[in-house]
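Architecture at a glance
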Amino acid sequence: SAADLRLRSLRSELDMLRSAHTSRRDIAKQALIRMQEEADSAAKQMQISQARSAAHGRQLDIVERRFLRWQELLRGGHVPRDAFELEQANLVRTRAESSEFEQQLVAHLQSLKTLQQMQTETKKQLELDTIQNALSEERLTREIDLIQHEVSQQVSAAEPSVIVRVLVQSGESVRTGQVLASSHRP
């Protein structure tokens, strides 16, 4: 009965191990799906930021060329100083906006890289968990098989023969090395 209890316990442990692995695998797969959706969103945001940054870069070029022209006009005395300073403030503001767009682009790129790295780590962790689970299942299965072998053993014939006499009865205790039956080769 102690062996039966041990067998039930090991089988229960094996079932719980399989169930836990299935749950962890499902959670990891859901996390991978969520990370992929976030990565797709980050990639789209990055594309939008690239387009905005490029458009703003062209706008900045125009503002800078216009500012250079205002500088020439100021040196020639053709524009008032306060109008030139307004144009200078416009250039500073446009440069700041351009820098802000570039920072957004870098942030989206970093976010995308982080998500891709998390996906890789999650996949590796899932693979490792699968290997560890398989090893644990194998260990438990071997232990179950060993106990079953110890509890119940069958004796197989070594070669074709006819049983002549059975020396023990079912339910009788036997010891190691005891002869259980006699057989005769025809």
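1. So, the side chain of Asp129
Residue position: Asp129 is located in helix H2 (residues 81–151). Taking relative accessible area as the criterion, Asp129 reaches 12% and is therefore assigned buried. In contact with Asp129, other than residues within four places in its own chain, are His21 and Arg24.

2. Thoughts on the pattern of salt bridges
Scanning the model with the defined rule gives 13 salt bridges in all. Glu13 is the partner of Arg139 in a salt bridge, and the nearest nitrogen-oxygen pair spans 3.8 Å. In this pair, Arg139 is assigned in helix H2 and Glu13 in helix H1 (residues 2–75), connecting sequence segments 126 residues apart. Residues Glu137 and Arg18 are paired through a salt bridge, measuring 3.2 Å at the closest nitrogen-oxygen approach. Note that Glu137 is positioned in helix H2 and Arg18 in helix H1, a separation of 119 residues in sequence. Through salt bridges with shared partners, a single ionic network connects Arg6, Glu13, Arg139 and Glu143.

3. Comments concerning the environment of Gln169
Tracing the sequence through the fold places Gln169 in the loop between strand S1 (162–166) and strand S2 (181–184). Gln169 sits 11 residues away from Leu180 along the chain, and the two C-alpha atoms are 8.9 Å apart.

4. Some details on the environment of Ser183
On the secondary structure map, Ser183 appears in strand S2. On the basis of relative accessibility, which here comes to 47%, the residue Ser183 falls in the partly exposed class. Sequence separation of Ser183 and Arg165 is 18 residues, and the distance between their C-alpha atoms is 6.9 Å. Here Ser183 is in contact with Ser161, Val162, Ile163 and Val164, once residues within four sequence places are set aside.

5. Thoughts on H1
With 74 residues, H1 should cover 110 Å at 1.5 Å per step; its first-to-last C-alpha distance of 104 Å lies within 8% of that length. Within two residues after H1, Gly77 carries a phi angle of roughly 75 degrees, on the positive side.

6. A short note on the environment of Ala89
Within the secondary structure, Ala89 sits in helix H2. Take Ala89: its relative accessible area is 44%, and that puts it in the partly exposed class. Distance in space between the C-alpha atoms of Ala89 and Phe67 is 10.0 Å, their sequence separation being 22 residues.

Criteria and cut-off values
- Residues numbered from 1 in each chain as written.
- Predicted model: local features only at pLDDT ≥ 70, side-chain atom pairs only at ≥ 80, totals over all residues.
- Heavy atoms only, no water.
- Helix = DSSP H or I, 4+ residues; strand = E, 2+ residues; numbered from the N terminus.
- Buried < 20%, exposed > 50% of the residue type's maximum accessible area, 1.4 Å probe, protein only.
- Contact = heavy atoms within 4.5 Å.
- Salt bridge = Lys/Arg side-chain N within 4 Å of Asp/Glu carboxyl O.
- Expected span 1.5 Å × (residues − 1).

In short, the description is geometric, and any link to function would need to be established separately.
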